[in-house]
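These are the residues of each chain, in order.
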Amino acid sequence: MAADRLHVEVVYALPEKQRLIALDVPVGTTMLEAARESGIAEHFEGLDLERAAMGVFGKAEPAPAQRVLVDGERVEIYRPLKIDPKAARKARAQRAGKD
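Residues numbered from 1 in each chain as written. Predicted model: local features only at pLDDT ≥ 70, side-chain atom pairs only at ≥ 80, totals over all residues. Heavy atoms only, no water.

Undergrad: Requested: an account of the environment of Arg-67, with residues and values cited.
TA: Mapped onto the secondary structure, Arg-67 falls in the loop between strand S4 (59-61) and strand S5 (74-78). Taking C-alpha positions, Arg-67 is 20 Å from Leu-47, a pair spaced 20 residues apart along the chain. Excluding its chain neighbours within four sequence positions, the residues that come into contact with Arg-67 are Thr-29, Thr-30, Met-31, Val-56, Glu-61 and Glu-73. In terms of polar contacts, Arg-67 uses its side chain to reach the side chain of Glu-73, at 2.8 Å. (Helix = DSSP H or I, 4+ residues; strand = E, 2+ residues; numbered from the N terminus. Contact = heavy atoms within 4.5 Å. Polar contact = N/O pair within 3.5 Å; in protein donor to acceptor, adjacent residues only side chain to side chain.)

Printed below as a string of structure tokens:
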């Protein structure tokens, strides 16, 4: 690969559909720019990249528009949780107590 390009991946998943897009981007590309360039939003109705939380390999990044990528990184686009994890645990415990 040319020294002025990076190989990165952009990923987004719903329970029923997932997409991973590999692409080569110029050195200096930010997370948000890579997500836009990947075209991933075209595969998921309602995905707003400008507002979506993002991270790299499971670590949330507070400012994806400023975070510059390095070769080999995977941009993960996070979706909002449908239920608070604490509420989900409590509901599971209540169901388990009834059984």
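Okay, back to it.
Undergrad: Explain the packing of aromatic side chains residue by residue, including any values.
TA: Overall, the coordinates contain one aromatic pair when judged by the stated rule. For the ring pair Tyr-12 and Phe-44, a centre distance of 4.7 Å and an interplane angle of 80° mean the geometry is edge-to-face. Taken as a pair, Tyr-12 in strand S1 (residues 5-14) and Phe-44 in the loop between helix H1 (31-38) and strand S3 (53-56) lie far apart in primary sequence, 32 residues in all. Accessibility classification places Tyr-12 together with Phe-44 in one group, the buried group. The ring of Phe-44 has Lys-17 lying over it, and the distance from NZ or CZ to the ring centre is 4.9 Å. (Phe/Tyr/Trp six-rings, centres within 6.5 Å; stacked < 30°, edge-to-face > 60°. Buried < 20%, exposed > 50% of the residue type's maximum accessible area, 1.4 Å probe, protein only. Lys NZ or Arg CZ within 6 Å of the ring centre and 35° of its normal.)

Undergrad: Break down H1 for me, with residues and values.
TA: When we look at burial in H1, the residues that qualify are Met-31, Leu-32, Ala-34, Ala-35 and Ser-38. On an axial view of H1, the arc spanned by its buried residues comes to 160°, and they lie on one face. Among the structural elements, S1, strand S2 (17-26), S3, S4 and S5 are those in contact with the buried residues of H1. One or two positions beyond H1, positive phi appears at Gly-39, with a value near 75°. (Arc of directions from axis to C-beta.)

Interpretation note: all reported values are geometric properties and have no functional meaning in isolation.
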